[in-house]
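Descriptive analysis of the structure
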Amino acid sequence: PLQGQPVNDICETAIEISVVSDLGFTCITGNNFLAEPEAFNNGCGIGDFPTVWFKVNTDWVAALMNIHVKNAEFEAPTITIFRLVSDCSALQPVGLTLSQLPCIVGSAGNAEAMGTEVGGGEIYYIAISSLNHQGGAFDLCVSTVGNASMCVVSRDIEIVSRSETG
C-alpha cells in the first residue's frame with residue numbers, strides 16, 4: 001500500500017470483525033482517509049470515493065445482520081454488503097434491510113442497515129465509503145441475530161391458577 005493508505009483498502013485485505021449471533025454489537029474503529037475508490041461503482045459512489053473493507057464470517061445460526069456506522073468525521077457514510085462466492089473477484093451484492101436496498105447513504109456522520117438477511121456459515125464483506133468526501137475515522141458496529149431469536153413459533157402455556165373465577 002501507499003504511505004498512509006489503510007491496510008483494508010481492498011477486499012483481499014479486509015479487516016475481520018468477530019461476531020457471535022445474539023451477543024450484541026461488536027464495534028471497531030475504521031478509517032477510509034487516503035483509501036482508493038473501487039474499480040466498480042454503485043449508487044453509493046464506492047467507485048468514486050475512498051472505500052475500505054471489513055469481513056464477517058457468520059456463525060451457523062445467523063439469519064440477520066445489523067450494521068451501524070457512527071461518529072464519522074464525514075457527513076454521509078455509506079454501507080454496502082457483499083457475499084463471498086469464491087474470492088474477492090466474485091462478490092455477490094446483498095440487499096440491505098428488509099427493503100433490499102443496494103446500499104445505504106447516511107447523514108450527520110451516521111448510517112445504519114438493520115435487519116439484513118444473511119446465511120449462516122457464510123462470509124460477508126462490508127464496504128464503507130464516504131459520499132462526496134475524502135473520508136476519515138468512523139466507528140463500525142456489527143451484530144447478527146440467530147434464526148432461533150427471530151420469533152417464537154410455538155410455546156406451551158399452562159394456566160395453573162386464576163385470580164378471578166372463570
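Right above here is the structure, for reference.
In this report, the structure presented in the accompanying data block is examined. Bear in mind the structure is a predicted one, so any value in this text is a computation, not a measurement.

This brings us to the sheet that holds strand β2 (residues 26–31). If you trace the four strands from one edge of the open sheet to the other, you get β2-β10-β4-β8, paired in antiparallel fashion. The sheet is open, and its two borders are formed by β2 and β8 (111–117), each paired with just one other strand. Averaged over all adjacent pairs, the angle separating strand axes in this sheet is 20°, with direction ignored. Here strand β4 (residues 62–70) pairs with strand β10 (residues 137–146) via eight bridges, running antiparallel. The partner of V69 across the bridge, within β10, is L140.

Moving on to the environment of L140. Mapped onto the elements, L140 comes out in strand β10. Residue L140 is classed as buried on the basis of its relative accessible area, which comes to 0%. The spacing of L140 and N71 is 69 residues in sequence and 9.1 Å in space, taken between C-alpha atoms. Discounting chain neighbours no more than four positions away, the residues touching L140 are I17, T26, C27, I28, F54, I67, H68, V69 and I128.

In this section: the state of the cysteines. A complete count under the given rule lists three disulfides for this structure. Covalently, C11 is tied to C88 through a disulfide, its sulfur atoms 2.0 Å apart. Disulfide C11 to C88: torsion about the S-S bond roughly -70°, handedness left-handed. With C11 in the segment before β1 (15–16) and C88 in the loop between β5 (77–84) and β6 (91–94), the pair connects residues that are 77 residues apart, well separated along the chain. For C11, a relative accessible area of 5% corresponds to the buried category. Given a relative accessible area of 18%, C88 falls into the buried group. A sulfur-sulfur separation of 2.1 Å characterises the disulfide bridge that pairs C44 with C103. Across the disulfide from C44 to C103, rotation about the S-S bond amounts to roughly 100°, and the bridge is consequently right-handed. Of this pair, C44 sits in the loop between β2 and β3 (51–57) while C103 sits in the loop between β6 and β7 (104–105), and the two are 59 residues apart along the sequence. Residue classification places C103 among the buried positions, given a relative accessible area of 12%.

What counts, and at which threshold
- Residues numbered from 1 in each chain as written.
- Predicted model: local features only at pLDDT ≥ 70, side-chain atom pairs only at ≥ 80, totals over all residues.
- Heavy atoms only, no water.
- Pairing = 2+ DSSP bridges.
- Helix = DSSP H or I, 4+ residues; strand = E, 2+ residues; numbered from the N terminus.
- Axes fitted to C-alpha atoms, helices over the stretch in contact; angles between N-to-C directions.
- Buried < 20%, exposed > 50% of the residue type's maximum accessible area, 1.4 Å probe, protein only.
- Contact = heavy atoms within 4.5 Å.
- Disulfide = S-S within 2.5 Å.

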